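Fold and geometry: a report
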Amino acid sequence: DGKRRGHRVINMSVHGADVCNMAKRLGLMVEDLRTKMDVTPDLFVLEFALNDYRGVRNEVFFEGFEAMALCAEVVVRRLLTEYPRAAIMFLEFRSGV
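To start, this report covers the structure provided alongside it. Since the model is a prediction, treat every value here as computed from it, not as a measurement.

1. Observations regarding the pairing of strand S1 (residues 43-48)
Burial along S1 is one-sided: the face carrying Phe 44, Leu 46 and Phe 48 is buried and the face carrying Leu 43, Val 45 and Glu 47 is not. Pairing between S1 and strand S2 (residues 87-92): six bridges, direction parallel. Paired with Leu 46 across the two strands is Phe 90, which belongs to S2.

2. Side note on the state of the cysteines
Applying the stated criterion across every chain, the model contains one disulfide. A disulfide bridge connects Cys 20 with Cys 71, and the sulfur atoms are separated by 2.2 Å. With the S-S bond torsion at 100°, the cross-link from Cys 20 to Cys 71 turns out right-handed. On the criterion of sequence distance, the pair formed by Cys 20 in helix H1 (residues 19-36) and Cys 71 in helix H2 (residues 65-82) is long-range, its members being 51 residues apart. A single burial state applies to Cys 20 and to Cys 71, both of which are buried.

3. Section: the environment of Lys 24
Assignment of secondary structure puts Lys 24 in helix H1. Taking C-alpha positions, Lys 24 is 9.3 Å from Val 74, a pair spaced 50 residues apart along the chain.

4. Section: the packing of aromatic side chains
Evaluated as defined, the whole model comprises one aromatic pair. Summarising the aromatic geometry, the rings of Phe 44 and Tyr 83 are spaced 5.5 Å apart at their centres and angled 45° between planes, so their arrangement reads as tilted. Of this pair, Phe 44 sits in strand S1 while Tyr 83 sits in the loop between H2 and S2, and the two are 39 residues apart along the sequence. Residue Phe 44 shares its accessibility class with Tyr 83, and that shared class is buried.

5. Side note on the packing of H1 against H2
If you want to describe how two helices pack, look at the angle between their axes and the distance between the axes. Remark: H1 packs on H2, axes separated minimally by 8 Å, with the N-to-C direction vectors making an angle of 15°. On the basis of the axis angle, H1 is roughly parallel to H2. Here H1 and H2 pass one another in a crossing that is right-handed. Residue-level contacts link Val 19, Cys 20, Met 22, Ala 23, Leu 26, Gly 27, Met 29, Val 30 and Arg 34 of H1 to Ala 67, Met 68, Cys 71, Ala 72, Val 74, Val 75, Arg 78, Leu 79 and Glu 82 of H2. For the contact of H1 with H2, the per-class residue count stands at 14 nonpolar, one polar and three charged.

6. Overview of the nonpolar core
Ranked by size, the top nonpolar core spans 19 residues in total, and within it Val 19, Met 22, Leu 26, Met 29, Phe 44, Val 75 and Leu 79 carry the most contacts. Among the elements of the structure, H1, S1 and H2 are those that each provide at least two residues to this core. For this core, the element with the highest residue contribution is H1, accounting for eight residues.

The rules behind these values
- Residues numbered from 1 in each chain as written.
- Predicted model: local features only at pLDDT ≥ 70, side-chain atom pairs only at ≥ 80, totals over all residues.
- Heavy atoms only, no water.
- Buried < 20%, exposed > 50% of the residue type's maximum accessible area, 1.4 Å probe, protein only.
- Helix = DSSP H or I, 4+ residues; strand = E, 2+ residues; numbered from the N terminus.
- Pairing = 2+ DSSP bridges.
- Disulfide = S-S within 2.5 Å.
- Phe/Tyr/Trp six-rings, centres within 6.5 Å; stacked < 30°, edge-to-face > 60°.
- Axes fitted to C-alpha atoms, helices over the stretch in contact; angles between N-to-C directions.
- Parallel < 35°, antiparallel > 145°, perpendicular 65-115°, else oblique.
- Left-handed = near helix turned anticlockwise from the far one by under 90°.
- Contact = heavy atoms within 4.5 Å.
- Nonpolar A, V, L, I, M, F, W, Y, C, P; charged D, E, K, R; others polar.
- Core = buried A, V, L, I, M, F, W, Y, C linked by side-chain atoms within 4.5 Å.

Below you can see the structure in the form of structure tokens.
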């Protein structure tokens, strides 16, 4: 169509927030995107790192893993419900291991 398109990045990160904290405040984030920023995202990058493992060293299924997996499902489901054409990418950094 000959229109020039650009990209816009909005960083909505919060220090020390794991996926369960994000699940709790996701409604506020979606509302901010809709009302204050007036944007329709096409990509969400969900990055969880050091503190999400809570000191676990080598176990894959550590204490609290099940709750974190459920929280991640809540986040993905809500984002896809609100923005069905958006892609979701998880970045995982086990930098504290």
